[in-house]
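Now for the letters of each chain:
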Amino acid sequence: MATAYDVVVAGLGGFGSATAYHLSTRGVRVLGLDPYPAGHDLGASHGESRIVRQAYFEGSAYVPLLRRTYELWDRLARDAGERLVRHTGGLFLGPAGSRVFEGSLASARRWEVPHEVLDPAEVTRRFPAFRPPAGTAALFETSAGLVGPERAVLAHLRLAAAAGAELRHGEGVTSWSADVDGVVVHTSGGSYSAGSLVLAPGRWASELLAGLGLPLRVERRGMHWFRPRAGADAFDASRFPVWIWDRDDGTAPYGFPCLDGVAVKAAVHYSRVRPADTWTPAELSDLLAELLPGLGNEHLRSVECTYTMTPDEHFVVGRHPAHEQVVVACGFSGHGFKFTPVLGEVLADLATGLAPSYDLSMFDPRRFVGAQR
Ligand SMILES: Cc1cc2nc3c(=O)[nH]c(=O)nc-3n(C[C@H](O)[C@H](O)[C@H](O)COP(=O)(O)OP(=O)(O)OC[C@H]3O[C@@H](n4cnc5c(N)ncnc54)[C@H](O)[C@@H]3O)c2cc1C
C-alpha cells in the first residue's frame, strides 16, 4: 500500500478542485485523483462562462450558501491574483407567475438581495439590446454576473498544489472500500489509504456510487455562440447583463454578454415542450429574435456539456448513507458551478469530521435511497 493520506478527493472538476483547495489550505494531507487533464472539457465545468446570482429562483434556502460563495469567490480571486467573477448584473425575466421571475423575487425579498423590478420599457431603456415582450416581468439583480469555469477550476487546483495537495491527473479511481479504519482507494496506478474519501465525479457518479442507486440522469446541453447582427458593442458587459428568460411556452433560454469583442453565448437551460438538447443553433436564434432582435442568426460555434439531474433538481451533498467516512457530491442538476467555493468548504468540513454551518437536509443523499425502498 502506498502513502496514507488524510483525505482522497476523487474527481478534480468544479467541486473536487474546490474541495482539494479548502482541505490543503487547512494543512490536511490530500490526494486528488482524476482520469483526465486539469480543466478538461469532457465533464460539466467548461465553456467560458457560468452565471452567478443570489436571488435564487430554485429556492430561497440556497441564499445563505450563495452569500458565503460570493465571499469565497473574492478570496479565491485574491489568492490566485486574477479576476474570476465579473459582476455584470443579471436580468431574470418571465411572465408574472413564472418560476424564474417569482422565485427570484421571493429569494431577493426574503434575504434582502439588492434588486429592482423592471417593466419591459424600463428594461429596454436600461439595457437597449433587450426587447421583452409585453407582459414580461423582470428582476434585475445588481450583484449577479459570471465566472469562467475553466479558470476557476485551474485556480483552485493551482492553489491546492501550492498548499501541498498531491494531484494526479491521468489516474482515475476504479473502486474503493471503507471500514472503521478509513478508506482504501484503487486506481489505474495503485492503491491508497486515507481517513476519508470525497467522491466528486460529476456525470460519472453512477460508476463510483453504483451501490447507492442514486436516480441520476445525465443530459446533454449545447452552448452556442453567435456574431451579433447589431455589433458586439450592443452586447458589451457594460450594457448587457447575464440573463435567463422563462418563456410562457415552458422554455428557458439564457445567455451572457460578449466577452471577446466578437461572440455572444446563449443556450437552453430547460424546456418543457421538448428535450432541451434538441434545440439547434438556428432554432435557438429564432426563439431569441423576440427578446434580442440585434442578435441575429450568424452561428459561430457550439460546445457540448452535461447536466447530471436529480428528480427534485436539488444537489446530492452529504455523507454516504452506509459509510460516514465517505462524502458524496454529485447531481448538481445544471446549476452547481456558482456553489463550488462554498460547497468545497462544506465538503472539506464533512471530510474532516467538522459540522458544516448550513442546513444541508435538502441535499441529503438518503432522500433518494429511502425513496427506493
Ligand atoms: C451547459 C452548462 C451550463 C451551465 N450553466 C451554469 C450556470 O450558469 N451557473 C451555474 O452555477 N452552474 C451551471 N452549470 C452547472 C455546473 O457547471 C455544474 O453543476 C458543475 O460544473 C459540476 O461540477 P462537478 O465537479 O460535479 O463535475 P465536473 O466538473 O465534470 O467534475 C467531475 C470530475 O470527476 C472526474 N472523474 C470522473 N470519473 C472519475 C473517476 N473514476 N475517478 C476520479 N475522477 C473521476 C472527471 O474527469 C471530472 O474532472 C452548467 C452546466 C452546463 C453543462
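None of these values were measured; they are calculated from a predicted model.

Asker: Can you walk me through the overall build of the chain in this structure?
Answerer: Tallying secondary structure elements over the chain gives nine helices and 19 strands in all. What you see for the chain is a C-alpha radius of gyration of 21 Å, in line with the 21 Å of a compact globule of 373 residues. When the backbone C-alpha atoms are referred to their principal axes, the chain occupies close to 65 × 40 × 35 Å. Burial status across the chain gives 57% buried among its 373 residues. Counting contacts in the chain only where the partners sit at least 6 residues apart, residues at least 24 apart contribute 72% of the total. With the model as given, the accessible surface of the chain reaches about 14,700 Å², and the carbon-plus-sulfur share is 50%. Between the mean site of the 36 positive side-chain charges and the mean site of the 41 negative ones, the chain shows a separation of 2 Å.

Asker: I keep staring at the site of the ligand and nothing clicks. Help me out?
Answerer: Taken together, 33 residues surround the ligand, and among them D34, S45, I51, C305 and K338 come closest. Take F337: an N or O atom from its main chain is 3.0 Å from an oxygen atom of the ligand. The contact in question runs from an oxygen atom of the ligand to an N or O atom on the side chain of K338, over 2.7 Å. Of all the secondary-structure elements, those providing two or more residues to the shell around the ligand are α1 (14–25), β2 (30–34), β3 (50–52) and β17 (298–309). Here the shell around the ligand gets three residues from one element, more than from any other, and that element is β17.

Asker: When you look at α1 in this model, what are you seeing that I'm missing?
Answerer: With 12 residues, α1 ought to run about 16 Å at 1.5 Å a step, and its terminal C-alpha atoms sit 17 Å apart, in line with that. Burial analysis of α1 places 11 of its 12 residues in the buried class, the great majority of the element. Looking at the residues trailing α1, positive phi occurs at G27, about 90°.

Cut-offs used in this document
Residue numbers restart at each chain and count upward from 1, following the sequence in its written direction. At least 70 in pLDDT is required for a residue's local features to be given in this predicted model, at least 80 for side-chain atom pairs to be given and counted, and no such filter applies to totals for whole chains, interfaces and linings, which use all residues. The side-chain figures draw on all heavy atoms in the structure; neither hydrogens nor water molecules are used. A run of H or I in DSSP becomes a helix once it reaches four residues, and a run of E becomes a strand once it reaches two; helices and strands are each numbered from the N terminus. Each radius of gyration is computed over the set of C-alpha atoms, and the globule rule expresses the reference value as 2.2 Å times the number of residues to the power 0.38. Throughout this description, buried means an accessible area under 20% of the type-specific maximum (1.4 Å probe, protein chains only), exposed means over 50%, and partly exposed covers the range between. By definition, residues are in contact when any of their heavy atoms lie within 4.5 Å. Per-residue and other accessible areas follow the Shrake-Rupley method at a 1.4 Å probe size, with only the shown protein chains counted as cover for residues. When charges are counted, neither His nor the chain ends are considered; positive counts come from Lys and Arg and negative counts from Asp and Glu. To locate a charge, take NZ of a lysine, CZ of an arginine, CG of an aspartate or CD of a glutamate. A single heavy atom is enough: if one lies within 4 Å of a molecule or strand, its residue is considered near that molecule or strand. Pairs of N or O atoms are called polar contacts if they sit within 3.5 Å, as long as, within protein, a hydrogen donor faces a hydrogen acceptor (for residues adjacent in sequence, only side-chain-to-side-chain pairs). In this analysis, the expected span of each helix is defined as 1.5 Å times one less than the number of residues it contains.

Honestly, it's all geometry; don't read function into it.
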